[in-house]
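Read off the chains here:
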Amino acid sequence: MAVPEVLRQLSRRAWEPALARAHRAAVLMDAPSAEALHWAGGAGELLAAGALAVSALSAEAAVPAGAARAVFVVSGTLRGGAAAAVHGVLERGAVRHCVLVCGDEADGGGAAELEETLRRWMGEGGRAEVVLRGSPLLAPVSAELCLLPALAALLPPLPGPGGPGPAEVGLGALPAELRAAVRALVGELDSLFTALGLREESFAVGALSRVVAAELASYASARNRRRTATNKASVIFVDRTLDLAGAVGHHGDNLAEKILSVLPKLPGHKTDVMVNMVELTALQTADETCSIIAPGCLAQPNDPAAKALWESFMNLKQKEAVMEARRHLVEAASRENLPIKMSMGRVTPEQLSSYIQLFRNNLKALENHCGLLQLVLATVQTLKHPQTSKWDNFLAFERLLLQTIGESEMPSVLNQLLPMIKSYNERTKDDYACEDFLVLLIYIYSVVGEIKCEKELDTAEEKVKRALVKAICDEPEPSPLLQKITGCDSSLNLTSQKATDAVDGIFRSLRDIARVRLHMKQFHSIHNPGSNTHQASYKPLLKQVVEEVCNPDRPDPLDIEHISSGLTDLLKTGFSMFMKVNRPHPGDHPLLIIFMVGGVSVSEVKMVKDLVATRKPGTQVIVLSSVLLTPHSAVELLFASDRLQPDARI
């Protein structure tokens, strides 16, 4: 079974109910649905099926005159903000026939009750149809990586100072919104595994992963599926918070990771970015945010050449990926008989730009190779971006930190950081901005692990806090990330007190981040202190997990916990005390699925793929997660003030 191909087909299948009802309809969808469609096939598929308009779901959204129906696509269940938006559109009275395509876990009485609610919102004579989507809403980002965009805000909670130990946490102990997210995740995974015909053994690394795996093990329809399914797989859930250095670090010499980190996000998207397309036009403008021309993007699901190039961006070193970009461009130009001069040697952004210019006045060539040109433009814009030169500064500084952490205590590490925190007026383009410091702080506290709490540490932290508060308050206009962290949308209402409260909260979380692996026996550390002959290094938790899975000696893993799904498994575990019973091992099966609970980075996906290929050839590996993280998006997920708040508009 070629799993990547099956996943691609699955990601399209989720859209069949909407496509079947799109003719002469207005289609309105929430942001996670739009993101899934974007990677699975694009809005063009709905327009080709006869949709009159495709737009974002909001209470203010207008339905074009002449639309026979409104089709609402909601990534989860109809509750909270999604319910308020659908209600807002229907109560205006223009829509007399609506279709709702939503997740399986319909709250309340299922489809019939939802249809009754929709008819009530439309008023007398309105017709409603509810279709429960059988397939999960997937965004297939690459052959080895699939995301579940509806769960982008999911992150394992950090342990409080005296909070319950990881063993005591069950679903009931979680906050309501996190409980709902876990249930939604289990429902999505079950429908995914049903489509793949999987009988899975579940394993967990971390407290929330244990809850998710236990819920999946005891989920009624999953138990029924496992009785009849024939394809065996190991599924390992891993808590993101156990290793945040992997999310904020600048490890990979990887082009995809840099593009995703430095270019601005597509509006409403967590993964894809905006590529400036002005270079392909005759328009001359110095305006970076030129909004006349629609931005390009990385997802090109219907263009085989562009898809192949994107896979090489994900899987090759930067230098090789840039050479691939040139090769694809030269081949495309030759096919179109464009006057291209092939040059050998190092590829420069200027050289790629000059090749792109050849396509500019040839509409047919532009149309034939539009996807490819978007990816090459993304490469050029990333290589020229000021943040890209900063990437190497980060990398050098992280390596220095790894040495320092091994040789000195935490207070002196913080004291080294202090002079680098500069206010807006003192900074040059190479200096770190406020959010860059948050990236470094997360890296430090995650790598260090357990810290001795003492007066010296408190003093060092206080100095860093004061410097950060001052730097945040001195910003002429807080960046979008700082706005989310402080809860202030402009410098006018950003008081010193609000900045202090935000920074205090950040440092409480940092202390929790340092404590998060305390209970672990085997994966207790992600810091390799080095020796006289070797430099200190960062040892990713995910790497340790995969090495353990691929270990030919197959020892009983200490921190990869098998989550049993029924009485026979419990009996096996019990009997194993008295007799030789082989416990399930995560390396048992031909398919290995790793689910990073709380997001994954491009370099981690590549690392998992490469490790399994060398250590356990013949095993297929797929990485699933809720979101693809970049250093700044990881900071937002951890510290944004409104993360996973209960949706008050229920």
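Everything quoted here is computed from the prediction, not taken from an experiment. (Residues numbered from 1 in each chain as written. Predicted model: local features only at pLDDT ≥ 70, side-chain atom pairs only at ≥ 80, totals over all residues. Heavy atoms only, no water.)

**Q** Sorry if this is basic, but what is going on with helix α11 (residues 255–262) here?
**A** Since the α-helix advances by 3.6 residues per turn, residues separated by three or four positions end up pointing in the same direction. Counting buried residues in α11 gives seven out of eight residues, a clear majority hidden from the surface. Of the residues making up α11, those classed as buried are L255, A256, E257, K258, I259, L260 and V262. On the buried face of α11, the contacting elements are α12 (304–315), α13 (318–335), α16 (370–384), α17 (386–407) and α25 (602–615). For α11, the N-terminal capping position is held by N254, with its side-chain oxygen 2.9 Å away from the main-chain nitrogen of A256. (Buried < 20%, exposed > 50% of the residue type's maximum accessible area, 1.4 Å probe, protein only. Helix = DSSP H or I, 4+ residues; strand = E, 2+ residues; numbered from the N terminus. Contact = heavy atoms within 4.5 Å. Polar contact = N/O pair within 3.5 Å; in protein donor to acceptor, adjacent residues only side chain to side chain.)

**Q** What's the story with the sheet that holds strand β5 (residues 127–132) in this structure? I'm lost.
**A** In a beta sheet, neighbouring strands are held together by backbone hydrogen bonds and run either parallel or antiparallel to one another. Strand order across the open sheet formed by five strands is β2-β1-β3-β4-β5, with parallel pairing between neighbours. The open sheet terminates on both sides in strands that have one partner only, identified here as β2 (53–56) and β5. Averaged over all neighbouring strand pairs, the angle between strand axes comes to 20°, with direction disregarded. The pairing of strand β1 (residues 25–29) with strand β3 (residues 69–73) spans five bridges and is classified as parallel. (Pairing = 2+ DSSP bridges. Axes fitted to C-alpha atoms, helices over the stretch in contact; angles between N-to-C directions.)

**Q** Can you help me understand the state of the cysteines in this one?
**A** Defined simply, a disulfide is a covalent bond joining two cysteines at their sulfur atoms. Overall, the coordinates contain zero disulfides when judged by the stated rule. Distance from the sulfur of C146, which forms no disulfide, to the nearest cysteine sulfur (C297) is 17 Å. Looking at C473, it has no disulfide partner, and the nearest cysteine sulfur is the one in C488, 9.1 Å off. (Disulfide = S-S within 2.5 Å.)

**Q** Sorry, what's going on with the confidence of the model for the protein chain here?
**A** In low-pLDDT segments, the atomic positions of the prediction should not be examined closely. Within the protein chain, residue pLDDT values average 87, and 92% of them lie at 70 or more. Contacts of residues 567–572 to residues separated by more than four positions or lying in other chains number four contacts, the stretch itself having pLDDT below 50. Between residues 646–650, whose pLDDT stays under 50, and residues either more than four places distant or in other chains, the model counts nine contacts. (pLDDT = per-residue confidence, 0-100.)

**Q** What is the right way to look at the side chain of E115 in this model?
**A** Position of E115 among the secondary structure elements: in helix α6 (residues 111–122). Buried E115, no salt bridge; nearest opposite-charge side chain is R119, N-O distance 4.3 Å. Not counting residues within four places of it along the chain, the set of residues in contact with E115 comprises A128, E129 and V130. (Lys, Arg positive; Asp, Glu negative; His and termini not counted. Salt bridge = Lys/Arg side-chain N within 4 Å of Asp/Glu carboxyl O.)

**Q** What should I look at first to understand the packing of helix α19 (residues 434–448) against helix α20 (residues 455–473) in this one?
**A** Two packed helices can be described by the angle between their axes and the distance between those axes. Where α19 meets α20, the closest approach of the two axes is 10 Å, and the angle between their N-to-C directions is 155°. The angle between α19 and α20 falls in the class roughly antiparallel. The element α19 and its partner α20 pack so that their crossing is left-handed. On α20, the residues touching C434, F437, L438, L441 and Y445 of α19 are E461, L468, A471 and I472. Here the residues of the contact of α19 with α20 sort into eight nonpolar, no polar and one charged. (Parallel < 35°, antiparallel > 145°, perpendicular 65-115°, else oblique. Left-handed = near helix turned anticlockwise from the far one by under 90°. Nonpolar A, V, L, I, M, F, W, Y, C, P; charged D, E, K, R; others polar.)

**Q** Would you mind showing me how to read α13 here?
**A** With 18 residues, α13 should reach 26 Å at 1.5 Å per residue; the first-to-last C-alpha distance of 26 Å fits that figure. Residues of α13 that are buried include every one of Q318, A321, V322, A325, R326, H328, L329, V330, A332 and A333, and no others. On its buried face, α13 sits against α11, α12, α14 (349–357) and α16. In the segment just after α13, N337 is the residue with positive phi, at about 55°. (Expected span 1.5 Å × (residues − 1).)

**Q** Just checking my understanding: could you explain the nonpolar core for this structure?
**A** A general feature of soluble globular proteins is that nonpolar side chains tend to end up buried together. Formed by 132 residues in total, the largest nonpolar core has its most connected members in W310, F313 and Y445. Among the nonpolar cores identified, the runner-up in size contains 38 residues, and L154, L171, L196 and V597 belong to it. (Core = buried A, V, L, I, M, F, W, Y, C linked by side-chain atoms within 4.5 Å.)

**Q** What am I meant to see in unusual backbone geometry here?
**A** Most peptide bonds are trans, and most residues other than glycine sit at a negative phi. If you check the backbone angles, R24 has positive phi at about 55° while not being a glycine. On the secondary structure map, R24 appears in the loop between α2 (16–20) and β1. Phi is positive for R554, close to 50°, though the residue is something other than glycine. Note that R554 resides in the loop between α23 (541–549) and β12 (561–563). The class of R554 is partly exposed, set by a relative accessible area of 41%.

**Q** I'm lost on the pattern of salt bridges in this one. Help?
**A** Two side chains of opposite charge can pair, provided their charged atoms sit close to one another. Using the criterion set out here, one finds 28 salt bridges in the structure. R79 serves as the salt-bridge partner of E177, at 3.7 Å between the closest nitrogen and oxygen. Here the residue E177 occupies a position in helix α7 (residues 176–196), and R79 occupies one in the loop between β3 and α5 (80–90), the gap between them amounting to 98 residues. Classification of E177 by relative accessible area gives buried; the value is 14%. Taking the relative accessible area as the measure of exposure, R79 reaches 26% and is therefore partly exposed. A salt bridge links E331 to R327; the nearest nitrogen and oxygen atoms lie 2.7 Å apart. Taken together, the residues E331 and R327, both in helix α13 and four residues apart, mark about one turn of the helix. Residue classification places E331 among the partly exposed residues on the basis of a relative accessible area of 35%.

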